[in-house]
Amino acid sequence: MIKTSVGLLGLLLTFVYAQDTSIQQQDVNALLWKINEPLQLSKMRSLVDNFEPLIETSLYIDEGRSVEVLLQYIADGNTLKKKSYFSLFNNQHREEALMLFEVLLKCQNWDPCIRNNLVYFREVLNEGVFVYSLYITLVHNPLTKGIILPPLYEVTPHMFTNSEVIYKAYSHKMMQTPGKFNMTFTGSQKNPEQRVAYFGEDIGMNVHHVSWHMDFPFWWKDSYGYNLDRKGELFFWVHHQLTVRFDAERFSNNLNRVDELYWDKPIYEGFAPHTVYKYGGEFPARPDNTNFEDVDGVAKIRDLKIWETRIRDAIAHGYVIGKDGSIIDILNDRGIDILGNLIESSEYSVNPYYYGALHNTAHIVLGRQGDPHGKFKQPPGVMEHFETATRDPAFFRLHKYMDNIFKEFKNRFPPYTKEDFSYDGIELLDVSLDGTLETFFEDFEFSLINAVDDTPEVEDVPLTAVIKRLNHRPFSYKLRVKNDNDRREVAFVRMYLCPDGNMNGALLDIDERRWGCIEMEKYWMDLEPGITTGVRSNTESTVTVPDPPSFETLVEMTNAAVDAGAEDFGKVNYVRNCGIPDRLLLPKGSKSGLNFTLMVFLSNAYKETAIKFGSTQWYHYGGTHAHCGLHGLPYPDKRPMGFPFDRPVPDWRVFTGLKTFKMVPVKVYHKSDD
Ligand SMILES: *[C@@H]1O[C@H](CO)[C@@H](O)[C@H](O)[C@H]1NC(C)=O
Ligand SMILES: *[C@@H]1O[C@H](CO)[C@@H](O)[C@H](O)[C@H]1NC(C)=O
Ligand SMILES: [Cu+2]
């Protein structure tokens, strides 16, 4: 049961597929293959040999104005040099990448405009600038719908594996011997944090994180084409979910919940990333118990504290102050969105001058604590790249800190009442599980072929890294629902997996419990009059995405499709990289079973879905909307994210008395010893 029920969205995609998607995909594959080497596909080269970006201004809807800007920037010698690192948080680096993004956005078509410009600028611009521009183009440009993004860990492997593996790969390439290298997590058994490194260093998790920030970039302006609906609230929710998942992994490994970061206290955990840039040296390390220092040219710790105070003042007041001094009420459903934009901060922030950029600046400040005054000319730290940030335990501390600010805000709202939950005539009779909730570690192999250098004289040899990663056995939920109304109903089904106790098994209090819930599902269920039994497989979760095909498999699939003259190859399942990997849907659990409660809640979808219902099932989006929304469309659920546990719960009996709610005690097992 894969995610195929895409309804309307599917129709739209199919429509776009009509322009030869497989040929486009072939171009994209070639552009991203061996990104540090000249373009290899000679066919593509010859197509564009006579291409100059301004050769025909009618190719662009702005008559080439954007491309003129970029060409002038290059002519002035401002561009980031090839073979040096790229960092999104560096304003100059980012602005350059956005210049190319804009050029492509102004293109009338893929072939020749976008494709030929990509080939042209690939030769001229920095590799990191190019890769970032191409990925955000594939995510947001309407002319590239349906293209699969090759897994980033095989495009830029340096950002996803450790230096030990990279050095071995170089050496094997030189000696022309195939290599398969076990990749271990950073640190040693002496470091308790090592027990949960498999989560922060999971390459699929890293791809989710970097992809979310590509789907919802902080630099996004609506003039690029559309509004990113509830971006600020998603910022809160996605990072909240990362911290609760991390905490559940900690409970599974006899560790306490992660504590927040304090600007006045030492950063308890040090971190040695064991990661190396392709160009630009080693990622800097940070010893244990470092005291925060101001970072030259970035921010003083004092500034961060002032921003925090202003934000928490706004929460206490119940309003924020706009750029023009206007009062903007936040004690309403829009408030969390406004606050999220303010804290990140994004272009959507109502007043970045006053509220600053707490999240983005904190990432840079943390990334530089190893060399705050630039004495050692160190490159940016892992915290300064979304690909690598979750490796550092300080990432989760930072996000716990921000999460607590969001909770402080959410806790200002009154509890929901029975009226908020009413759904006449509907009763959730029971919920059961098919299959046991059991996790295990498996080996995963990915290619390092794009990590090593190439020369025409030296042949490619197979080089791969093998990493242990968490997975789980398949399971499904079975829901029996009674509909006493005489018409078809559509129920919104929300499912959360909530830890019962902490690492010692001590029961969590109500607030700890509701804020610790892991979102598992958010989908729609058709209810004909009478009793309906619905089975929902774990693979259908709207929180997760399946593993993408490897880059080499993708290349083979594409070439076969092109040879067969096929427009596409049924790849709807892989077009989104944003989403928790399916494998990580369950936390690790424990040998004797870690206690959780599965909370299942039904509500009236006619009232709560942001998009009008049609007569068909087009509201079954499939995919990954829970954390990643729908491109260019409203977020499909009108309720606040985290509903109904996002507001204070005076007593669990509020829920247990409901006909539309069930709590099912479950255990998550991890039988082996790793
Ligand atoms: C890599 O790990 C596997 C088990 O996962 C083991 O059998 C193999 O010997 C290891 N290889 C090296 C070179 O350590
Ligand atoms: C887990 O739940 C069971 C009931 O299913 C209970 O007997 C047991 O004490 C719980 N364990 C912990 C550590 O809370
Ligand atoms: Cu993030």
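Residues numbered from 1 in each chain as written. Chains lettered and ligands numbered in written order. Predicted model: local features only at pLDDT ≥ 70, side-chain atom pairs only at ≥ 80, totals over all residues. Heavy atoms only, no water.

In the annotation of an unreviewed UniProt entry, the entry for the protein reads Tyrosinase copper-binding domain-containing protein, and the organism field reads Meganyctiphanes norvegica. Per UniProt, the comment on the protein under Sequence similarities (unreviewed entry) is "Belongs to the tyrosinase family. Hemocyanin subfamily." (UniProt positions renumbered as here; feature names shortened; annotations may be inferred.)

(A) Highlighting the overall build of the protein. Per the secondary structure count, the protein includes 23 helices and 14 strands. Expected size for 674 residues packed as a compact globule is a radius of gyration near 26 Å; at 25 Å, the protein falls within 12% of this value. With the C-alpha coordinates aligned to their principal axes, the bounding extent of the protein is approximately 70 × 60 × 60 Å. Taken over 674 residues, the protein has a buried fraction of 60%. For the protein, the proportion of contacts with a sequence separation of at least 24, taken over those separated by at least 6, is 80%. As presented, the protein carries roughly 26,400 Å² of accessible surface, and 52% of it is formed by carbon and sulfur atoms. A gap of 4 Å separates the mean positions of the 72 positive and 91 negative side-chain charges of the protein. (Helix = DSSP H or I, 4+ residues; strand = E, 2+ residues; numbered from the N terminus. Rg over C-alpha atoms; globule rule 2.2 N^0.38 Å. Buried < 20%, exposed > 50% of the residue type's maximum accessible area, 1.4 Å probe, protein only. Contact = heavy atoms within 4.5 Å. Areas by Shrake-Rupley, 256 points an atom, 1.4 Å probe, with all protein chains shown as cover. Lys, Arg positive; Asp, Glu negative; His and termini not counted. Charge placed at Lys NZ, Arg CZ, Asp CG, Glu CD.)

(B) How the structure looks around the site of ligand 1. With respect to spatial proximity, the complete set of residues near ligand 1 consists of Asn182, Asp443 and Lys468. Asn182 is positioned such that a nitrogen or oxygen atom in its side chain is 2.4 Å from an oxygen atom of ligand 1. Between ligand 1 and Asp443 there is a distance of 3.5 Å, counted from an oxygen atom to a side-chain nitrogen or oxygen. Isolated, ligand 1 exposes 360 Å² of accessible area, and the fraction of that covered by the protein chains is 25%. (Near = heavy atom within 4 Å. Polar contact = N/O pair within 3.5 Å; in protein donor to acceptor, adjacent residues only side chain to side chain.)

(C) Region of interest: the site of ligand 2. Neighbouring residues of ligand 2: Gly505, Asn595 and Lys667. Within the contact set of ligand 2, an oxygen atom lies 2.3 Å away from a side-chain nitrogen or oxygen of Asn595.

(D) View of the environment of Ser476. Following the sequence through the fold, Ser476 ends up in strand β7 (residues 476–483). Note on Ser476: relative accessible area 12%, which makes it buried. Spatially, the C-alpha atoms of Ser476 and Asn538 are 5.5 Å apart, while their sequence positions differ by 62 residues.

(E) Fine view of the pairing of strand β8 (residues 489–499). Of all eleven residues in β8, eleven are buried; the element is thus mostly enclosed. Neither face of β8 is exposed, since Glu489, Ala491, Val493, Met495, Leu497 and Pro499 on one face and Val490, Phe492, Arg494, Tyr496 and Cys498 on the opposite face are all buried. Relative to strand β9 (residues 518–527), β8 runs antiparallel, the two sharing nine bridges. Looking at the pairing, Val493 lines up with Tyr523 of β9. Bridging between β8 and strand β13 (residues 594–604) involves nine bridges; their strand directions are antiparallel. Counterpart to Cys498 in the pairing with β13 is Thr597. (Pairing = 2+ DSSP bridges.)

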